[in-house]
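Understanding the architecture of this molecule
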Amino acid sequence: MKVKERSSRYHFGPPWLFRGSALYQLHLVKAEIARAFIPKELRLVEAFGYTLGGFFLAQYEDSPAGKFDELVVIAGIVWNPPSSCAWAARVLVNSDDACHHGRKEVGLPSHIATFSKKIVTVTEKPNRSQSFLNRIFMNSTFANQMEHSEIEVSQAKRSSIIPFCNISLPFSVTKSENGDKGMMPKIRMSLPSFSGQTEDYPHLLKYSCEIECRVSAVPPAKVNSSIVEKESQRSFGNKTYGNSDILSDEEAEKRSILVLLSKPILALKFSFLKMWVGAPSIVGPMSRKKEVRFSST
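- Per an unreviewed UniProt entry, the chain goes by the name Protein NEOXANTHIN-DEFICIENT 1 and belongs to Rhynchospora pubera.

1. Topic: unusual backbone geometry
- Of note, the amide linkage connecting Pro-14 to Pro-15 takes the cis form, showing an omega dihedral of -5°.
- Topologically, Pro-15 is positioned in the segment before β1 (16-30).
- The backbone of Phe-272 sits at a positive phi, close to 50°, despite the residue not being glycine.
- Overall, the relative accessible area of 49% leaves Phe-272 in the partly exposed class.

2. A short note on empty space enclosed by the protein
- Counted under the stated rule, the structure contains 1 cavity of 30 Å³ or more.
- Reported here for the largest cavity is a volume of approximately 50 Å³.
- Among the elements of the structure, β5 (83-93) and β10 (193-196) are those that each provide at least two residues to the lining of the largest cavity.
- Per element, the largest residue contribution to the lining of the largest cavity is 3 residues, and it comes from β10.
- Its residues assigned to classes, the lining of the largest cavity shows 6 nonpolar, 4 polar and no charged.

3. Describing the pairing of strand β14 (residues 263-277)
- The pairing of β1 with β14 spans 12 bridges and is classified as antiparallel. Of the residues in β14, the one forming a bridge with Ala-22 is Phe-270.

4. Concerning the packing of aromatic side chains
- Throughout the structure, instances matching the rule amount to 7 aromatic pairs.
- Both rings, one in Phe-18 and one in Tyr-60, keep their centres 5.1 Å apart while their planes meet at 55°; by these two values the pair is tilted. Residue Phe-18 is located in strand β1, and its partner Tyr-60 is located in strand β3 (residues 50-62); the two are separated by 42 residues in the primary sequence. Comparing Phe-18 with Tyr-60, the two get one shared label, buried.
- Aromatic side chains Tyr-24 and Phe-56 sit 6.1 Å apart centroid to centroid with 65° between the ring planes, which places their arrangement in the edge-to-face category. On the criterion of sequence distance, the pair formed by Tyr-24 in strand β1 and Phe-56 in strand β3 is long-range, its members being 32 residues apart. The same class applies to Tyr-24 as to Phe-56, namely buried.
- Through a chain of ring-to-ring contacts, the aromatic side chains of Phe-18, Tyr-60 and Phe-68 assemble into a single cluster.

5. A word on the nonpolar core
- One finds Leu-57, Leu-71, Val-153, Cys-165 and Ile-167 to be the most contacted residues of the largest nonpolar core, which totals 41 residues.
- Element by element, the count of residues in this core is highest for helix α5 (residues 249-260), at 5 residues.
- In this view, Cys-165 contacts Leu-71, Ile-151, Glu-152, Val-153, Val-223, Asn-224, Ser-225, Ile-257 and Leu-260; residues no more than four positions away in its chain are not counted.

6. Concerning α5
- The end-to-end C-alpha distance of α5 is 17 Å, a good match for the 16 Å that 12 residues give at a rise of 1.5 Å each.
- Within α5, 10 of the 12 residues are buried, which leaves the element mostly enclosed by the surrounding structure.
- Inspection of α5 places Asp-249, Glu-251, Ala-252, Glu-253, Arg-255, Ser-256, Ile-257, Leu-258, Val-259 and Leu-260 among the buried residues, and these make up the whole buried set.

7. Concerning the pattern of salt bridges
- Here the structure, examined in full by the defined rule, presents 11 salt bridges.
- Taking the shortest distance from any N to any O, the salt bridge between Arg-9 and Asp-62 comes out at 3.0 Å. Linking Arg-9 in the segment before β1 with Asp-62 in strand β3, this pair joins segments that are 53 residues apart in sequence.
- Accessibility expressed as a relative area gives 32% for Asp-62, which makes it partly exposed.
- Among the salt bridges present, the one from Lys-104 reaches Asp-200, with a minimum N-O distance of 2.8 Å. You can see Lys-104 sitting in helix α2 (residues 96-104) and its partner Asp-200 sitting in the loop between β10 and β11 (204-207), a full 96 residues away along the chain.
- Three or more residues joined by partner-sharing salt bridges are found here, namely Arg-103, Lys-104 and Asp-200.

8. A closer look at a nonpolar patch on the surface
- A grouping of Leu-28, Phe-48, Tyr-50, Leu-52, Ile-265 and Leu-266 is seen on the molecular surface, where their side chains present a nonpolar patch of about 590 Å² in accessible area.
- Elements with a minimum of two residues in the nonpolar patch: β3 and β14.
- Within the secondary structure layout, Phe-48 lies in the loop between β2 (43-44) and β3.

Criteria and thresholds
Residues numbered from 1 in each chain as written. Predicted model: local features only at pLDDT ≥ 70, side-chain atom pairs only at ≥ 80, totals over all residues. Heavy atoms only, no water. Helix = DSSP H or I, 4+ residues; strand = E, 2+ residues; numbered from the N terminus. Buried < 20%, exposed > 50% of the residue type's maximum accessible area, 1.4 Å probe, protein only. 1 Å grid on protein atoms, 1.4 Å probe; cavity = no way out; pocket = protein on both sides within 12 Å on 5 of 7 lines; lining within 4 Å. Points joined across faces, edges and corners; volume = space filled by probe spheres on them. Nonpolar A, V, L, I, M, F, W, Y, C, P; charged D, E, K, R; others polar. Pairing = 2+ DSSP bridges. Phe/Tyr/Trp six-rings, centres within 6.5 Å; stacked < 30°, edge-to-face > 60°. Core = buried A, V, L, I, M, F, W, Y, C linked by side-chain atoms within 4.5 Å. Contact = heavy atoms within 4.5 Å. Expected span 1.5 Å × (residues − 1). Salt bridge = Lys/Arg side-chain N within 4 Å of Asp/Glu carboxyl O. Patch = residues over 30% accessible without salt bridge, like charges linked within 9 Å, V, L, I, M, F, W, Y side chains within 5 Å. Areas by Shrake-Rupley, 256 points an atom, 1.4 Å probe, with all protein chains shown as cover.

And the structure:
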């Protein structure tokens, strides 16, 4: 497995700037799946047995760790007055520096991974009216050619590479599409997050995340995984955890997959992304000695 060489600029200090593009997809996640990740100091925001989770899939062209890819699995939204923030269940990156910084400095459950990408071209068949026009004008331009991205994410475990999930991006980019077409003006948003209470950083933390980008709504990406089969989804999803239970890395991995396989409700494409991440601050004292733990695999 190839990982990025050490060229970290994290030592220049926060806020750390990341540039690139991303897909931010929101899912309805069963509260019983997400709750095991949430520290007892925080309350899961839920309604009718569901919380709002999903994932953040980013491709950074420039960052303190250089170019790298990132998949952040968001278990749900937690409430700590006066704000609510996202809680990351798992972070996968193909950069040693980004993984080390996430674990040691930001208290994230970061893991080294590979991101294998390919472009699949699909030709949509024209409808009857288009076929009639094609015959008249002998013109094939009515056949709409689309490009779809397929991303295979695999985790590095010891000396092996284990498939984690496959993400199919069904939103299309036509051959003649203008990069700015259909995009909203630049917007700025704040996406603060909680982290910490891992083996590497046992304190509960909170950090700021300020984003500037152009946003466009796209069809949701489709996620597949061989880790959790349908039968095990039902049995595993029904298993509950209390605040004193230890969530093993294997269980955390499976629950992260269940988050990804949950029902998507909104997908947003972030283009011309600039993201400023602030240094984390301690929210409360270390109070979980037998809580959610992540191994360093």
